[in-house]
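Next come the chains, spelled out residue by residue.
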Amino acid sequence: MKEITITMPDDWHAHLRDDAVLKETVPASARQFARSIVMPNLTPPVLNAKDAKEYEARILENRPANSDFRPLVTLYLTNSTTPEMIREAKSQGIVAAKLYPAGATTNSNNGVTDISLMSPVFEAMADCGMLLLIHGEVTDGEIDIFDREKVFIERYLVGIVEKYQNLKVVLEHITTKDAADFVKDASANVAATLTPQHLMLNRNDLLVGGIRPHYYCLPILKRNTHQQALRAAVASGSPKFFLGTDSAPHMKGQKESACGCAGCYSAPAAIELYADIFEELDALDKLEGFASFYGADFYGLPRNSKTITLIKEKWKMPSEITVANDNVIVPFWAGQEIGWRLK
Ligand code: DOR
Ligand code: ZN
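Let me sum up the structure you'll find in this document. (Residues numbered from 1 in each chain as written. Chains lettered and ligands numbered in written order. Predicted model: local features only at pLDDT ≥ 70, side-chain atom pairs only at ≥ 80, totals over all residues. Heavy atoms only, no water.)

1. Thoughts on the site of ligand 1
Note the cut-off: If even one non-hydrogen atom of a residue comes within 4 Å of a molecule or strand, that residue is called near it. N or O atoms within 3.5 Å of each other form a polar contact, as long as, within protein, one can give a hydrogen and the other can take it, and as long as residues adjacent in sequence are counted only when both atoms are side-chain atoms. Accessibility throughout is a Shrake-Rupley quantity obtained with a 1.4 Å probe, and a residue counts as covered only by protein chains that appear here. Residue polarity is assigned by list, with Asp, Glu, Lys and Arg as charged and Ala, Val, Leu, Ile, Met, Phe, Trp, Tyr, Cys and Pro as nonpolar; anything else, Gly included, falls into the polar class.
Taken together, 14 residues are adjacent to ligand 1, and Arg17, Asn41, Leu218, His250 and Ala262 come closest. Within the side chain of His15, an N or O atom sits 3.3 Å from an oxygen atom of ligand 1. Here an oxygen atom of ligand 1 and a side-chain polar atom of His250 are 2.8 Å apart. Surface burial for ligand 1 is 100%, taken as the share of its 290 Å² of free accessible area covered by protein chains. Of the residues that constitute the shell around ligand 1, the class distribution is four nonpolar, eight polar and two charged.

2. Regarding helix α5 (residues 148–163)
Rules: The helix and strand labels rest on DSSP assignments: H or I over at least four residues marks a helix, E over at least two residues marks a strand, and numbering proceeds from the N terminus. To estimate the expected span of a helix, count its residues, drop one, and scale the result by 1.5 Å. Bending is quantified residue by residue as the angle between axes fitted to the seven-residue window ending at that residue and the seven-residue window starting at it. Relative accessible area decides the class of each residue, using a 1.4 Å probe on protein chains only: under 20% of the type maximum gives buried, over 50% gives exposed, and in between gives partly exposed. The contact definition used throughout considers only heavy atoms, calling two residues in contact when any of these lie within 4.5 Å.
The end-to-end C-alpha distance of α5, which contains 16 residues, comes to 22 Å, matching closely the 22 Å that a straight helix rising 1.5 Å per residue would cover. Of all the bends found along α5, the most pronounced is centred on Tyr156 and spans about 40 degrees. Along α5, the positions that sit buried rather than exposed are Arg148, Glu149, Val151, Phe152, Ile153, Leu157, Ile160 and Val161. Where α5 is buried, its residues touch β6 (96–99), α4 (119–128), β7 (131–134), β8 (169–171), α6 (177–185) and β9 (190–194).

3. Quick word on α4
Along α4, the positions that sit buried rather than exposed are Ser119, Val121, Phe122, Ala124, Met125 and Cys128. Residues of α4 that are buried make contact with α3 (83–91), β6, β7 and α5. One or two residues past the end of α4 sits Gly129, with phi positive at roughly 80 degrees.

4. Regarding the sheet that holds strand β2 (residues 11–14)
Going by this rule: By the convention used here, strands pair only if DSSP detects at least 2 bridges between them. As a rule, the C-alpha atoms of each element are fitted with a line to give its axis, helices using only the stretch in contact, and angles between N-to-C directions run from 0 to 180 degrees.
Read across the sheet, three strands follow the order β2-β3-β4 without closing on themselves; strand pairing throughout is parallel. Pairing within the sheet leaves two strands with one partner each, and these edge strands are β2 and β4 (70–73). Neighbour to neighbour, the strand axes of the sheet diverge by 30 degrees on average, direction disregarded. Where strand β3 (residues 35–38) lies against β4, four bridges are found, and the strand directions are parallel. The residue of β4 that forms the bridge with Ser36 is Pro71. Packing against the sheet, helix α2 (residues 49–60) makes contact with β3 and β4, and its axis sits at approximately 155 degrees to β4.

Right, here's the structure in full:
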């Protein structure tokens, strides 16, 4: 196959950040995606409908001239989120809210410290049809970083989906066989997003022969058996698994550091990276469902009507991208070959 045309995809999990860097991140996502679910972990976070609408306006100011890219900005749940805030946000078109256990990842210090106190909020979300997006990792110091997703599922997620059966839950950026199995066996109201890096790599790629900070993200890459389970999940064509890049830029100096930040900036070639993965899996026929149908269906939003075309043509991810104030971002897969190119 030399060329494939698919319905325009959406990214159900992206970090566009804020202010000057939006000049880079918004066009990078808009080149391939019709919509992105935009994460709210800004400093300060997106706490309510007003914050979300203001952030959406700042994103739209950076949309390329001929683009109708739609950012779907989300709310950041805290101990102080109320059911009224949820209903107000829903009435203003906000479709989802994100649960970060406090301390789990970048800018999650304001996250929820006691999930058991979230009942009224989860009930309001189920009631008004707002999706719950979960960073599924426990943060307790005694739990090994490679076990944090599995323990989160056992300790919290099983209970959440059991108790709020009408709540639509997306377990974001899954990294383990445990997560893939859990989602597969759960009700139709539970789904998961998968990133390029967790499908392409495992922890050996991160750590053998030298530490590679541009492969460091959270949840951290797991062992190869988990990577293979994630690949099998997307190759299965199950509508419970759909595209969410978790594209998350950090400046070069913050990644290549004694205490480096977590996040892989994949937006400049995201759909092409996924095309490579599906081709390797001999499942290119499943790419469109994963990238363009299942997420929209799960969110209850219309599928896109435009299309994109990918050409089988080698190119390389740029090694560096210069953004505002001469800052540099090293993207995911920097300087490495990609087999498909967006026409
Ligand atoms: O690697 C990550 N980076 N994981 C997250 O959960 C957050 C993200 C970020 O905001 O940088
Ligand atoms: Zn994320």
